[in-house]
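Secondary and tertiary structure notes
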Amino acid sequence: MNTFIFEKQMKIFLATLISVFFISGNVFAQKNLLTKENITTVVKEAYEKYKNVTDGKNADYIKELATVDPNIFGIALVTTDGQVYTMGDVESMVSIQSVSKVFTMAKVIEEQGYQALQDKIGVDATGEVFNSITAIERMKGKEINPLVNPGAIAATSLINGSDSASKWASILQVHSDFAGRELSLNMPVYISEAGDNLRNQAIAHLLLAYGRMYFDPVQATDIYTKQCAINVNAKDAGIMAATLANGGVNPVTKKVVVSPETVMYTLPVMSTAGLYDDSGIWFYHTGVPAKSGVGGCLIAVVPGQFGIAVISPPLDKAGNSVKGQLAIEYIVDQLNADPYLIQPSK
């Protein structure tokens, strides 16, 4: 090969390489920040920055939640290649509460398809509080959303199974598959909730009256109460979030839990209704789907990159973990992980 041809080919190669670099600049920039060193540093920074925050208080409308140690603070970030990064208390167990709604919803989509969820429950945000009865009346049981109580109870009733025991076993198993280990029931929390869930029973009966309850309302409410009392720690919840980030495959166990299509329809509902009345504010500031629970758990998903969870029981007025929001927003910002942060092509 003569020198002229070699130089010409090198110029073409370099021009192509430069073009690819600039076209993919945003992706490369993000991945460059997702190094082991950067993630370790940022997770530690978030923990140190917010560990002494004392704002918020434990939920007390469920009596057992008021007794949970308010000083629990653990962060777990799990990448889609199965790397786990933790700081703080990632072993203490809390009840998953409303974070469970995400995984039951995903199971319904997996079993019956995305259209069934939209047709039989609804996917629009209700614009009202999480346990609203007026939202049911206003919409005659339609468009009640699976991430607030009425839609979540309806979702529980839709889970495949001929009886209460089989439905509960299926729900517990899918949560365990997402977490990568066998999870169990927090019995004191379950007993506490079951003794004081008359409003949820009323919601289930009202849905039945509108033809939007698909199993016995008392039993469906009891199953829902159990799913909210499943015990998790921050590491469990981080792996569960990472399984969503990885298209339904648990990145630690490599088990296929749900399909990529199921995840595709799960994440948008998390985006619009994941943090109760502050869902819009959260998404505006972070751009990532998330779900909170009044037990102090908060998960967030950066699709294709990582899942993250924080457990810290003190909540703000909207019912979301104070430290959880602060830590996850900081980590997403520092890692440039907001999917809507788009670097222009040059």
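Residues numbered from 1 in each chain as written. Predicted model: local features only at pLDDT ≥ 70, side-chain atom pairs only at ≥ 80, totals over all residues. Heavy atoms only, no water.

1. Remarks on the overall build of the protein
Just so we agree on the cut-off: Think of it this way: any DSSP run of H or I at least four residues long counts as a helix, any run of E at least two long counts as a strand, and we number them from the N terminus. Atoms counted for the radius of gyration: C-alpha only. Globule rule: 2.2 Å times residue count to the power 0.38. In what follows, residue pairs with any heavy atoms lying within 4.5 Å of each other are defined as contacts.
Per the secondary structure count, the protein includes 15 helices and seven strands. For the protein, the C-alpha radius of gyration of 22 Å lies close to 20 Å, the compact-globule estimate for 346 residues. For the protein, long-range pairs separated by at least 24 residues make up 69% of all intrachain contacts whose partners lie at least 6 apart in sequence.

2. Notes on the pattern of salt bridges
Opposite charge on two side chains lets them pair, provided their charged atoms get close. Rule in force here: Any Lys or Arg side-chain nitrogen located within 4 Å of an Asp or Glu carboxyl oxygen qualifies as a salt bridge. The buried label goes to any residue with under 20% of its type's maximum accessible area, the exposed label to any with over 50%, and the partly exposed label to all in between, with areas taken from a 1.4 Å probe on protein chains only.
Following the criterion strictly, the structure yields five salt bridges and no others. Across the salt bridge formed by K107 and E111, the nearest N and O atoms sit 3.8 Å from each other. Highlighted residues: K107 and E111, both in helix α4 (residues 100–112), separated by four residues, approximately one helical turn. The closest approach of N and O atoms between D236 and R181, which form a salt bridge, is 2.8 Å. With a gap of 55 residues between them, D236 in helix α12 (residues 234–245) and R181 in the loop between α8 (164–179) and α9 (187–194) connect regions that are remote in the sequence. Judged by its relative accessible area of 4%, D236 falls in the buried class.

3. Focus on a nonpolar patch on the surface
Using the following cut-off: Without a salt bridge and with relative accessible area above 30%, a residue can belong to a patch; like charges are then joined within 9 Å and nonpolar side chains (Val, Leu, Ile, Met, Phe, Trp, Tyr) within 5 Å. All accessibility values rest on the Shrake-Rupley procedure with a 1.4 Å probe; residue burial counts only the protein chains present in the view.
Together, Y114, M264 and Y265 line one region of the surface with nonpolar side chains, adding up to about 300 Å² of accessible area. Position of Y114 relative to the elements: it lies in helix α5 (residues 114–120). The exposure class of Y114 is partly exposed, given its relative accessible area of 39%.

4. Thoughts on helix α10 (residues 198–209)
Quick reminder of the rule: Multiplying 1.5 Å by the residue count of a helix minus one yields the expected span of that helix. Working note: the arc is built from the helix axis to C-beta atom directions.
Helix length check: α10, at twelve residues, gives a terminal C-alpha distance of 17 Å against a target of 16 Å (1.5 Å per residue), a fit within 8%. Buried within α10 are the following residues: N200, I203, A204, L206 and L207. Buried residues of α10, seen end-on, are gathered within an arc of 160 degrees and therefore sit on one face of the element. Set apart from the buried face of α10 by more than 90 degrees, the exposed residues are L198 and A209. Those residues of α10 that are buried are in contact with α6 (134–139), α7 (149–158) and α11 (217–228). Just downstream of α10 lies G211, where phi reads positive at about 75 degrees.

5. Observations concerning the side chain of D236
The test is simple: Pairs of N or O atoms are called polar contacts if they sit within 3.5 Å, as long as, within protein, a hydrogen donor faces a hydrogen acceptor (for residues adjacent in sequence, only side-chain-to-side-chain pairs).
Engagement of the side chain of D236 in a polar contact is seen with the side chain of R181, the distance being 2.8 Å. Each residue touching D236, except ones within four places of it in the same chain, is listed here: M93, A179, R181 and L183.

6. Things to note about the environment of V322
In this structure, V322 sits in helix α15 (residues 322–334). Of the residues examined, V322 reaches a relative accessible area of 12% and is grouped as buried. Through-space distance from the C-alpha of V322 to that of V53 is 8.4 Å; in sequence the pair is 269 residues apart. Setting aside its immediate chain neighbours within four residues, V322 contacts V53, D55, G56, P314, L315 and D316.

7. What to know about the pairing of strand β1 (residues 74–79)
We count it as follows: Strands are treated as partners if at least two bridges between them are detected by DSSP.
In terms of burial, β1 is a largely internal element, six of the six residues being buried. Burial of the side chains of β1 extends over both faces: G74, A76 and V78 are buried on one face and I75, L77 and T79 on the other. Bridge count between β1 and strand β2 (residues 84–88): five bridges; the pairing is antiparallel. Looking at the pairing, L77 lines up with Y85 of β2. Where β1 hands over to β2, the hairpin turn is made up of four residues, of which G82 adopts a positive phi near 90 degrees.

8. Digging into the sheet that holds strand β5 (residues 290–292)
As a reminder of what qualifies: Axis geometry follows a simple rule: fit a line to the C-alpha atoms, using only the stretch in contact for helices, then measure angles between N-to-C directions, giving values from 0 to 180 degrees.
A sheet is described by the order of its strands in space; here five strands give the open sequence β2-β1-β7-β6-β5, paired in antiparallel fashion. Taken across any chain shown, the strands that pair with only one partner, and hence form the sheet edges, are β2 and β5. On average, adjacent strands in this sheet sit at an angle of 10 degrees to one another, irrespective of strand direction. Contacting β1, β6 (297–302) and β7 (306–311), α15 crosses the sheet at an angle of about 150 degrees to β7.

9. Some thoughts on the nonpolar core
Basically, it comes down to this: Here, the term nonpolar core denotes a set of buried Ala, Val, Leu, Ile, Met, Phe, Trp, Tyr and Cys residues that are joined through side-chain atoms within 4.5 Å.
Of all hydrophobic cores here, the largest spans 60 residues; its most connected members are F103, F178, L244, M270 and I299. Ignoring anything within four residues of it in the chain, the contact list for F178 reads F103, A106, I239, M240, T243, L244, N250, V257 and V258. In this structure, V42, L275, L298 and A300 belong to the second largest nonpolar core, which totals 28 residues.

10. Some points on the packing of aromatic side chains
We count it as follows: Side-chain rings of Phe, Tyr and Trp (the six-membered ring for Trp) are treated as a pair once their centres are within 6.5 Å; stacked means planes under 30 degrees apart, edge-to-face means over 60, and tilted covers the remaining angles.
Overall, the coordinates contain five aromatic pairs when judged by the stated rule. Relative to F178, the ring of F103 has its centre 4.7 Å away and its plane inclined at 55 degrees; by these criteria the two rings are tilted. Here the residue F103 occupies a position in helix α4, and F178 occupies one in helix α8, the gap between them amounting to 75 residues. Each member of the pair F103 and F178 is classed as buried. Ring centres of Y114 and Y265 lie 4.1 Å apart, and the angle between their planes is 0 degrees; on these two criteria the pair is classed as stacked. Of this pair, Y114 sits in helix α5 while Y265 sits in helix α13 (residues 260–273), placing them 151 residues apart in sequence.

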